[in-house]
Amino acid sequence: ALRDIALLGGAAQGVDLGLDDFEPREARQLMDEAVVGSWGYCLCDNANIAPLGSAFWRSLGAGSPRLKDDDNRLLRSIFLPHLSDRLSEGDRFVPPETSFSHVGRLAVLVQQEEETRQRRLEHFLGETFDQEDPGPLFPASWVSNHLVKGEGMVSTCCRHVHDALPLSALQSASVTFDKKTEDGCRFRVYRLGTLEARTTTEHNGKETIGVVFSVKPRHDGKRLTVEDGERVVRVMVHVEHSGFPRRGWRHFVVLETDQRNFVVTERLASGEVSWDENPANLEGRLALAKVLASVAGDVCVKDVRAHRILQAAGKGSSSSKNYARATYVLAAGSCLNAKDRTCA
């Protein structure tokens, strides 16, 4: 072979393995320009080139075999029908670039939007959310519409009771906040007695309760106490969901006195017996509970207080239902007939 090359007047040459002229930036540029978007290969229909716009929009159907799953999710999150009007362009629409760099930037932007939506939700369901000034996570226009807060009221987090609060309970509640973000998500705040329920509704989705807060009145450190000599004029037994699936339901007793004071007493899951005088969240709690029994009272507060002390000392049932029954019978006194004593 060398003799043949010599006869032709040529010179033998090898492969040049020198890397002196290699430029890494050129390799990076080639990588950036590499096609990674699968929609770059799906714009043909039966070997006949279809109009780009029509083929692209058809490929965005749910479960379309023409696109990779990741690409389908990415494009569907970008071209949401209620946010994008590009579909109206029809065949004139030009799909996004399919290069590695461009697809990567699109994915980053979509991820950032999702993180913003999540932060919005967490802030809205948190204790620091202010209806008058929602903060920089929400549209600036929301700040201009000042809402009147309840006079002398302050929101404080209470136990999560949204599992026991059906949406139907909000039909009689007043809406104190109702706004939409640019992506169509609706944020609402309801006031039901001393409860504040916050809900969200995704575009074309169902309204869901995210959290429930209690709203307590400011009383400048003063607390209304119930005197031993006050007479019980009404005793009621209520049942409510515990808020914990494994604990089921719990019972509590509400005493109303002749001085328009209220006492809530119950045996807690820990075994302790609570005694709460004029609780701030009573109205909201009663709105979520069911009345099992109600009758006029015929004893003084001191009698029920002594009964509670005995129960707390362990001289009684550990069941909230049995404690409520015993307290109900005691507080009703002579107002409870024999049949009611058996059924209480």
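Everything below is about the structure printed above this text.
Here the structure is a predicted model, which is why all the values come from computation and not from measurement. (Residues numbered from 1 in each chain as written. Predicted model: local features only at pLDDT ≥ 70, side-chain atom pairs only at ≥ 80, totals over all residues. Heavy atoms only, no water.)

Digging into unusual backbone geometry
Phase 1: Non-glycine residue Arg 260 carries a positive phi angle of around 60°.
Phase 2: On the accessibility criterion, Arg 260 (57% relative accessible area) is exposed.
Phase 3: A positive phi angle, close to 50°, is found at Asn 278, a residue other than glycine.
Phase 4: You can see Asn 278 is positioned in the loop between β11 (273-277) and α7 (282-288). (Buried < 20%, exposed > 50% of the residue type's maximum accessible area, 1.4 Å probe, protein only. Helix = DSSP H or I, 4+ residues; strand = E, 2+ residues; numbered from the N terminus.)

Comments concerning the packing of helix α4 (residues 69-78) against helix α5 (residues 100-124)
Phase 1: Close contact between α4 and α5 brings their axes to 10 Å; oriented N to C, the two are set at 60°. The orientation of α4 relative to α5 falls into the category oblique. Like other packed secondary-structure pairs, α4 and α5 cross with a definite hand, here left-handed. Along its contact with α4, which presents Leu 74, Ser 77 and Ile 78, the element α5 presents Val 103, Leu 106, Ala 107 and Val 110.
Phase 2: Of the residues that constitute the contact of α4 with α5, the class distribution is six nonpolar, one polar and no charged. (Axes fitted to C-alpha atoms, helices over the stretch in contact; angles between N-to-C directions. Parallel < 35°, antiparallel > 145°, perpendicular 65-115°, else oblique. Left-handed = near helix turned anticlockwise from the far one by under 90°. Contact = heavy atoms within 4.5 Å. Nonpolar A, V, L, I, M, F, W, Y, C, P; charged D, E, K, R; others polar.)

Side note on α4
Phase 1: For α4, the full list of buried residues reads Asp 71, Asn 72, Leu 74 and Leu 75. Buried positions in α4, seen along its axis, are confined to an arc of 165° and lie on one side of it. Seen from the buried face of α4, the exposed residues on the opposite side, beyond 90 degrees, are Asp 69, Asp 70 and Arg 73. (Arc of directions from axis to C-beta.)

Comments concerning the pairing of strand β4 (residues 174-180)
Side-chain positions along a regular strand alternate between the two faces of the sheet.
Phase 1: In this structure, β4 lies alongside strand β5 (residues 186-192), joined through six bridges in antiparallel fashion. For Lys 179, the partnering residue across the bridge sits in β5 and is Phe 187.
Phase 2: Adjacent in sequence and paired antiparallel, β4 and β5 are bridged by five residues, among which Gly 184 carries a positive phi angle near 90°. (Pairing = 2+ DSSP bridges.)

What to know about the environment of Thr 327
Phase 1: Mapped onto the fold, Thr 327 is located in helix α9 (residues 320-332).
Phase 2: Note on Thr 327: relative accessible area 0%, which makes it buried.
Phase 3: For the pair Thr 327 and Met 236, spaced 91 residues apart in the sequence, the C-alpha separation amounts to 9.8 Å.
Phase 4: Those residues in contact with Thr 327 that lie beyond four places of it in its chain are Val 253, Thr 265, Val 304 and His 307.

Concerning the sheet that holds β11
Strands belonging to one sheet form pairs held by backbone hydrogen bonds; the direction of such a pair is parallel or antiparallel.
Phase 1: In spatial order, the strands read β11-β10-β9-β8-β12; together these five strands make up an open sheet with antiparallel pairing. The sheet is open, and its two edges are formed by β11 and β12 (290-295), each paired on a single side. Looking at each pair of strands side by side, their axes are set apart by 20° on average, direction ignored.
Phase 2: Both strand β8 (residues 232-241) and β12 contribute to a ladder of five bridges, which runs antiparallel. Each residue of the ladder has a partner; that of Met 236, found in β12, is Ser 294.
Phase 3: Against the sheet, helix α8 (residues 301-312) touches β8, β9 (249-257), β10 (262-267) and β11, its axis set at about 150° to β11.
Phase 4: Seen against the sheet, α9 touches β8, β9, β10, β11 and β12 and runs at an angle of roughly 20° to β9.

What about the pairing of β8?
Phase 1: Burial analysis of β8 places seven of its ten residues in the buried class, the great majority of the element.
Phase 2: Direction of pairing for β8 relative to β9: antiparallel, over a ladder of nine bridges. Residue pairing across strands places His 241 opposite Trp 249, the latter belonging to β9.

Considerations on α9
Counting along an α-helix, one turn takes 3.6 residues, and residues three or four places apart therefore face a common direction.
Phase 1: Here α9 spans 18 Å end to end across 13 residues, near enough to the 18 Å set by a 1.5 Å rise per residue.
Phase 2: Among the residues of α9, those classed as buried are Ser 320, Tyr 323, Ala 324, Thr 327, Tyr 328, Val 329, Ala 331 and Ala 332.
Phase 3: Looking at where α9 begins, the residue whose side-chain oxygen comes 3.2 Å from the main-chain nitrogen of Lys 321 is Ser 319.
Phase 4: Within two residues after α9, Gly 333 carries a phi angle of roughly 60°, on the positive side. (Expected span 1.5 Å × (residues − 1). Polar contact = N/O pair within 3.5 Å; in protein donor to acceptor, adjacent residues only side chain to side chain.)

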